[in-house]
Amino acid sequence: MSSQSRLHKTGRTPKAGVKLVQKTGGNLVLASGVTITLLLGMVLALSLAAVFIINSPDPVTGLAIALPITLIFNIAAFFFSPWLMDLTQNWLYNTRWVSLAEIEDKSPETVKVIQKVCQQHKLKQPRLGIIDDQNPTAFTYGSFPNSARVVVSEGLFTYLDDDEVATVYAHELGHIVHWDFAVMTLASTLVQITYLIYTTAHRLGNRGGEKVKDAASSVAAVAYLFYIVGTYLLLYLSRTREYFADHFAAETTGNPNALSRALVKIAYGILEEGQRATEPSRLLEGTRALGIYDAKAATSTGTAYRISSEPEKIGRVFLWDMFNPWAWWMELNSTHPLTGKRVRALSTYAEQLGLDTEFDMGRIVGEGHNLSKRKLYGNFVLDLLLYSAEIVGLSVGFAIGISLSAANPMMMIACPLIGLGTGIFLKTLVMFPTYNQAESLDVLTLMSDPYASPLRGQPAKLQGELIGRGDAGYAFGSDLKLQDRTGMIYLRYASRFGPIGNFLFGMKRVKSLIGMDVKALGWFRRGVAPWMDLIQLESDSGTTVNSYHRFWSLLLAIGAIAIGIASLFL
């Protein structure tokens with residue numbers, strides 16, 4: 001079934017291959033070089049340190065051991081990873097390897113793009129795969145450009161039109177031309193080596209003498225720090241390569257608007273397929289970092305496309321992506337740039353080509369500049385402090401306890417507990433405000449709020465149908481998915497009996513609730529994916545479900561303060 005676009009197509013340039021100025025994403029060569037160099041430096045330093053821990057008698061011998069091990073491991077991973085990926089893809093997703101003729105039957109323009117790119121860049125045609133899954137996605141992997149694989153799902157042809165599919169393939173071919181998969185394979189391996197060295201040093205420290213134990217503990221701590229830094233470098237490099245692949249697709253096809261539409265419609269397709277399934281897709285979960293689109297971010301964009309015949313309604317959802325400081329913070333942990341930023345970059349390419357833009361991002365940017373900076377950034381700074389309120393309270397309490405311990409040694413116990421409880425209490429007041437005046441809203445309205453926060457809960461009432469579980473791949477998950485007339489949102493449930501209660505609720509009650517029309521009361525939050533912390537569900541048949549997020553936070557806060565005060569009288 002072919003998807004019918006509800007967006008007016010704004011056209012394309014009659015001449016593809018026009019050079020476009022890229023202002024977003026930085027410098028790919030610089031980003032790749034810096035990332036790989038830093039990661040290699042980390043691995044080499046840790047490899048040498050690990051060798052010295054086992055008391056190598058000769059530093060030169062230690063170097064001679066560390067270098068070959070590091071190089072052999074990386075080279076082996078680089079050359080064998082494509083075949084290992086082939087086996088994994090076939091085993092998990094039953095990938096079909098197809099001919100160019102079969103692709104032509106589904107998308108004639110795609111074949112022209114593949115042939116053009118291969119001819120211009122002197123590439124061997126990549127191996128082409130199709131996964132029989134209606135969740136739209138696409139990804140590439142390999143070691144060298146001439147041994148690359150491009151794999152798409154059947155859903156890509158279902159939800160996208162011919163020119164949109166072609167831009168997705170052009171995006172994936174951009175990864176091949178830029179050697180992105182090779183760089184990412186090497187960088188990923190280096191990050192994993194740092195973690196391997198951390199675990200090795202940690203184990204050696206548990207077995208050695210005092211001197212070896214101290215050295216091993218130091219190396220383990222540094223290795224773990226390098227692992228964290230390396231992970232964020234890898235995520236940064238991944239986001240950068242997505243911007244450059246988008247740029248390549250826009251230049252190659254002369255149709256940046258089609259890629260903008262493709263990104264929005266992929267989000268829509270993921271949302272549609274998610275409604276039909278009681279559990280999230282194994283394909284999307286397993287290829288999240290590889291795919292053209294982060295499925296976790298699909299809810300807001302897909303929701304907007306579902307009901308919007310006007311691009312400006314979709315564009316308004318992008319305000320959060322581009323202007324909310326929480327978006328930047330959340331993006332640090334993402335393999336993909338936020339959709340709004342990618343669409344904005346593609347719109348600038350359309351403008352350079354003299355085309356009308358698919359989404360009026362100029363107007364959206366103008367609206368964003370009129371947002372209250374004080375409200376956006378003032379709340380963000382305070383929220384960051386509140387996010388770590390427990391640690392801050394515990395640390396302050398510990399410092400006070402030390403200063404007062406001479407007069408009363410129990411202060412060392414009481415003050416940290418009181419500080420911890422106070423931090424939790426203050427955080428709870430902000431996260432779970434009073435809900436007596438909660439407004440009746442819809443999902444799209446909530447997602448269009450540029451001031452939304454993952455910390456500050458917005459009390460709201462929604463009305464819709466429970467369509468499935470929200471927990472990824474968990475048969476007894478207690479979270480739910482609610483669908484209203486405008487879109488879908490996840491409802492997070494919390495039992496008054498804690499994790500055991502959540503498990504029992506997921507096992508015994510959730511299945512009977514799916515399919516019911518309900519009224520949901522809760523606190524809306526937005527990160528990369530939006531959700532609602534549930535307070536209460538009421539069905540038309542009289543079924544009521546209560547959730548206790550605030551209860552547990554207040555119980556922990558009051559309990560910590562009470563124990564702290566009680567300890568002073570022991």
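So, here's what we can say about the structure. (Residues numbered from 1 in each chain as written. Predicted model: local features only at pLDDT ≥ 70, side-chain atom pairs only at ≥ 80, totals over all residues. Heavy atoms only, no water.)

1. Digging into the overall build of the chain
- Each helix and strand in the chain was counted, giving 22 helices and eleven strands.
- Within the chain, contacts between residues separated by at least 24 positions form 74% of all contacts whose residues are at least 6 apart in sequence.
- Total accessible area computed for the chain in this model is approximately 25,500 Å², and 62% of it derives from carbon and sulfur atoms. (Helix = DSSP H or I, 4+ residues; strand = E, 2+ residues; numbered from the N terminus. Contact = heavy atoms within 4.5 Å. Areas by Shrake-Rupley, 256 points an atom, 1.4 Å probe, with all protein chains shown as cover.)

2. Description of the packing of aromatic side chains
- Scanning the model with the defined rule gives 13 aromatic pairs in all.
- Between the aromatic rings of W326 and Y387, the centroid separation amounts to 5.3 Å while the plane-to-plane angle is 90°, which identifies the pairing as edge-to-face. You can see W326 sitting in helix α13 (residues 325–331) and its partner Y387 sitting in helix α16 (residues 373–387), a full 61 residues away along the chain.
- What makes W326 buried here is its relative accessible area of 2%.
- On the basis of an interplanar angle of 80° and a centroid distance of 5.7 Å, the ring pair of F551 and W552 is categorised as edge-to-face.
- Residue F551 is classed as partly exposed on the basis of its relative accessible area of 39%.
- With relative accessibility at 29%, the residue W552 sits in the partly exposed group.
- By the ring-pair criterion, three or more aromatic residues cluster together here, those being W326, W328, W329, F380 and Y387.
- Against the face of W97 rests R127, its NZ or CZ located 4.1 Å from the ring centre.
- If you follow R149 out to its NZ or CZ, it ends over the ring of W83, 5.3 Å from the centre. (Phe/Tyr/Trp six-rings, centres within 6.5 Å; stacked < 30°, edge-to-face > 60°. Buried < 20%, exposed > 50% of the residue type's maximum accessible area, 1.4 Å probe, protein only. Lys NZ or Arg CZ within 6 Å of the ring centre and 35° of its normal.)

3. Focus: the environment of L429
- For L429, the location among the structural elements is in helix α18 (residues 411–431).
- As a C-alpha pair, L429 and G457 span 28 residues in sequence and 9.8 Å in three-dimensional space.

4. Thoughts on the pairing of strand β8 (residues 488–492)
- When strand β7 (residues 480–483) meets β8, the two strands line up antiparallel, connected through four bridges. Residue pairing across strands places L482 opposite I489, the latter belonging to β8.
- Taken together, β7 and the strand that follows it, β8, pair antiparallel across an intervening segment of four residues.
- Examined bridge by bridge, β8 and strand β10 (residues 530–539) share three bridges and lie parallel to one another. Bridging from a neighbouring strand, L491 pairs with M532 of β10. (Pairing = 2+ DSSP bridges.)

5. Describing helix α15 (residues 361–369)
- Considered for burial, the residues of α15 that qualify are M361, I364, V365 and G368. End-on, the buried residues of α15 take up no more than an arc of 100°, which puts them together on one face. (Arc of directions from axis to C-beta.)

6. A short note on the sheet that holds strand β4 (residues 149–153)
- Strand order across the open sheet formed by four strands is β1-β2-β4-β3, with mixed pairing between neighbours. Edge positions in the sheet fall to β1 (96–98) and β3 (138–141), since each of these pairs with one other strand and no more. If you compare each strand with its neighbour and ignore which way they point, the axes differ by 30° on average.
- Of the strand pairs in this sheet, strand β2 (residues 127–131) and β4 are connected by five bridges, and their pairing is parallel. Across the sheet, residue L128 finds its bridge partner in β4, namely V150. (Axes fitted to C-alpha atoms, helices over the stretch in contact; angles between N-to-C directions.)

7. What about the environment of N94?
- With respect to the helices, strands and loops of the structure, N94 is situated in the loop between α2 (59–93) and β1.
- Counting along the chain gives 37 residues from N94 to I131, while the straight-line C-alpha distance between them is 6.5 Å.

8. Comments concerning the pattern of salt bridges
- What the rule picks out here adds up to 20 salt bridges.
- Residue R96 is joined to E102 by a salt bridge in which the shortest nitrogen-to-oxygen separation is 3.0 Å.
- Judged by its relative accessible area of 26%, E102 is partly exposed.
- One network of salt bridges, with partners in common, ties together R96, E102, K106, D132 and E154. (Salt bridge = Lys/Arg side-chain N within 4 Å of Asp/Glu carboxyl O.)

9. A word on the side chain of D321
- Tracing the sequence through the fold places D321 in helix α12 (residues 311–323).
- Judged by its relative accessible area of 6%, D321 is buried.
- Only 2.9 Å separates the side chain of D321 from the backbone nitrogen of G340, close enough to count as a polar contact.
- Among the polar contacts made by the side chain of D321, one reaches the side chain of R526 at a distance of 3.4 Å. (Polar contact = N/O pair within 3.5 Å; in protein donor to acceptor, adjacent residues only side chain to side chain.)

It is worth stressing that arrangement in space is one thing and function is another; only the former is reported here.
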